[in-house]
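# Fold and contact review
Here is what each chain is made of, one letter per residue.
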Amino acid sequence: MSGQLVVAQGVPWPPSVGDFYPPNVAGPWVTKFGIMVWLAVALLIIFFMLAYRKPTLVPGKAQWYAESVYGLVRDNIAREQMGNAGIRFAPYFTVLFSFIVLTNLFGIVPGLQISPNSHIAFPIVLALISYVMYLYIGVRKHGLGSYLKKSLIIPGVPWPMHFLLIPIEFLQNFINRPLTLAVRLFANMFAGHLILLVFTLGGFVMLASDNVFIQVSSVFSFAMAILMAFFEVLVALLQAYVFVTLTANYIGTSLADEH
Amino acid sequence: MFIAATDVEHHPLVPIWQELVIGTIAFALLCFVLLKFVMPRMEAMYQARVDAIEGGLKRAEAAQAEANQLLEQYRAQLAEVRTEAAKIRDDARSDAEGIRQDILAKAREESDRIIAAGKEQLAAERATIVRELRTEVGTLAVDLASKIVGESLADEARRKGTVDRFLSGLESAGAR
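Here the structure is a predicted model, which is why all the values come from computation and not from measurement.

Our focus in this paragraph is the nonpolar core. A:Phe93, A:Leu96, A:Phe99 and A:Val244 are the most contacted members of the largest nonpolar core, which has 60 residues in total. With 10 residues, the single largest contributor to this core is helix α4 (residues 90-105) of chain A. Excluding its chain neighbours within four sequence positions, the residues that come into contact with A:Phe99 are A:Ala40, A:Leu44, B:Phe27 and B:Leu30.

Structure below.
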C-alpha cells in the first residue's frame, strides 16, 4: 500500500522507521548522522574557543552567551541539584548540555532536519558516561561495599521488606537510571522527527490529492508542521535540561551520605 | 514479510555500533578540548567577577568609612580651631586692655614728671630772678640814696647790712 503511494506521488508515505536511516554517504563510518555529530563538536569547539579567546571581566557578546550557558548549568542545575559540591562538575555538565541542545536543535535546522539523538547510539554514549561517572564517584567516595549498601538498603524498614526492596532499589539505581536516561532523550527526538514528518509529508500527500477540498486542507497540515517545529525547539532545550539535571541528581545521590 | 520488507530498515532501539564509536570519540574530543582550554578559564572568570564585585563593594565600604572618619576628624579639628580662635581673641582683648593700662600709667607718670620738672624749673628761675632783683634793687637803692645823701656809700661794706635788712623788711611786709 505504502509502496503504491510513494510511486504515485514521489512522496514517501506513511513516514516509517526507514526514514531515520538514510543511505550511507560513504560506508558505515561516514553517515549523515556521523557527520552531524562531528559538525556539532566542531561548532561547539569553535564557538567556545572564539568566545573565550580573550575573556574579559566585562564580557563581550559572544563571551556573554558562553557564560550564560555556563551560568545556567552551574547555578540552576549543578548547584541546585548538588549544592556547592556540584560546582566542580559544572564544566562537564556545560559541555554535555550544550552538546545535547545543539544536536537536538539539528532536528529543525533546514538541510539537516533530524537530530543525531534520534539514533539511540548517541544517547547511549552520553547516558553511559553519566552512569559510569555516578557509579565511580559513589564507589570512590564511600567504597564499594558501603556504596552498594547505601544504594540498596533503605534504613528504618522491617527486615523482611528488604527481600522486596533490594531488587527494586537495584533495578531503580543500576538498571533503570541509565536506560531511561538514554531512552528518554532518544524517544523524544525520534517522536519529534516523526511528528514533523507526518505533518510535512502529510501536507504534500494532501496537496497531491485529486480532491480540491483535501488540497486546501493541506494548509492546516503545513501550519501544524511549523507549529510543531517551534514546539520541537522547546523539547530540544527541555530534554537537554532534563538529561543534565538527572545526571547531576544521580551524581548528587552518589555523593550524599544518606540513602 | 516484515523482515523481507524491512531488509534495509533497522530496529530503532538497536544501536549501530559504528555510531557508538563515532559518538564516543567525538564527544570525548569535545570534552577534552572544552574542559582543558575553555571551562577552567570560565570558572576562573566567574570567580574573578564575583571577587571584583564583592571587592568593589568592600572597597566602597572602606572608602565610605574612611570618608566618615575624615569628616569626624575635620569636625573635631574645626571645633578645636574655633575654641582656640576664641581663646586667642580673649587673650588679645585682655592683652590690649593691659597694654592700654600700661600706656595710660606711663603717660600719667610722664606728665607728672614733666609737671614736676616744670615746677622745679620755675622755682629755680624765680629764685634766680629774686636774687638778681635783690642785688639790682640794692644797687639802685644805694645809688639813689648816695645821690640823695650826696656821698658815695657804695664801697662801704658795712652799709650792705643796712640794705639787706631793709629789703628783708620789705619782703616780710610784702608777704604779709
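Attention shifts here to the interface of chain A and chain B. With 33 residues of chain A at the interface, the matching set in chain B holds 31 residues. Secondary structure elements with two or more residues in the side of chain A that touches chain B: α2 (32-51), α3 (61-82), α4 and α5 (121-142) of chain A. With 9 residues, α2(A) is the largest single contributor of residues to the side of chain A that touches chain B. For the side of chain A that touches chain B, the class distribution of residues is 28 nonpolar, 4 polar and 1 charged.

Let's shift gears to the confidence of the model for chain A. Residues and elements named next belong to chain A. Taken as a whole, chain A shows an average pLDDT of 90; of its residues, 96% reach a score of 70 or greater. Between the elements of chain A, mean pLDDT differs from a low of 46, seen in helix α1 (residues 2-9), to a high of 96, seen in α4. Here residues 1-8 is modelled with pLDDT under 50, and outside its nearest four sequence neighbours on either side it reaches 6 contacts, counting other chains as well.

The next point concerns the packing of α2(A) against α4(A). Axis angle and axis distance: for two packed helices, these are the angle between their axes and the distance between the axes, and together they describe the pair. Residues and elements named next belong to chain A. Closest axis-to-axis distance for the α2/α4 pair is 10 Å, and the angle between their directions is 130°. With respect to α4, the element α2 is oriented oblique. Considering only the axes of α2 and α4, their crossing is right-handed. Here Val37, Ala40, Leu43 and Leu44 of α2 lie close against α4, whose contacting residues are Ser98, Phe99, Leu102 and Thr103. Looking at side-chain class alone, the contact of α2 with α4 contains 6 nonpolar, 2 polar and no charged residues.

For α5(A), built from 22 residues, the straight-helix expectation of 32 Å at 1.5 Å per residue is met to within 8% by its first-to-last C-alpha distance of 31 Å. Those residues of α5(A) that sit buried are A:Ala121, A:Phe122, A:Pro123, A:Ile124, A:Val125, A:Leu126, A:Ala127, A:Ser130, A:Tyr134, A:Leu135 and A:Gly138. Buried residues along α5(A) sit against α2, α4, α6 (144-152), α7 (162-207) and α8 (212-255) of chain A together with α2 (17-149) of chain B. A:Gly143 lies just past α5(A) and shows a positive phi near 85°.

About the thresholds
- Residues numbered from 1 in each chain as written.
- Chains lettered and ligands numbered in written order.
- Predicted model: local features only at pLDDT ≥ 70, side-chain atom pairs only at ≥ 80, totals over all residues.
- Core = buried A, V, L, I, M, F, W, Y, C linked by C-beta atoms within 7 Å.
- Buried ≥ 20, exposed ≤ 12 C-beta atoms within 10 Å, placed from the backbone.
- Helix = DSSP H or I, 4+ residues; strand = E, 2+ residues; numbered from the N terminus.
- Contact = placed C-beta atoms within 7 Å.
- Nonpolar A, V, L, I, M, F, W, Y, C, P; charged D, E, K, R; others polar.
- pLDDT = per-residue confidence, 0-100.
- Axes fitted to C-alpha atoms, helices over the stretch in contact; angles between N-to-C directions.
- Parallel < 35°, antiparallel > 145°, perpendicular 65-115°, else oblique.
- Left-handed = near helix turned anticlockwise from the far one by under 90°.
- Expected span 1.5 Å × (residues − 1).

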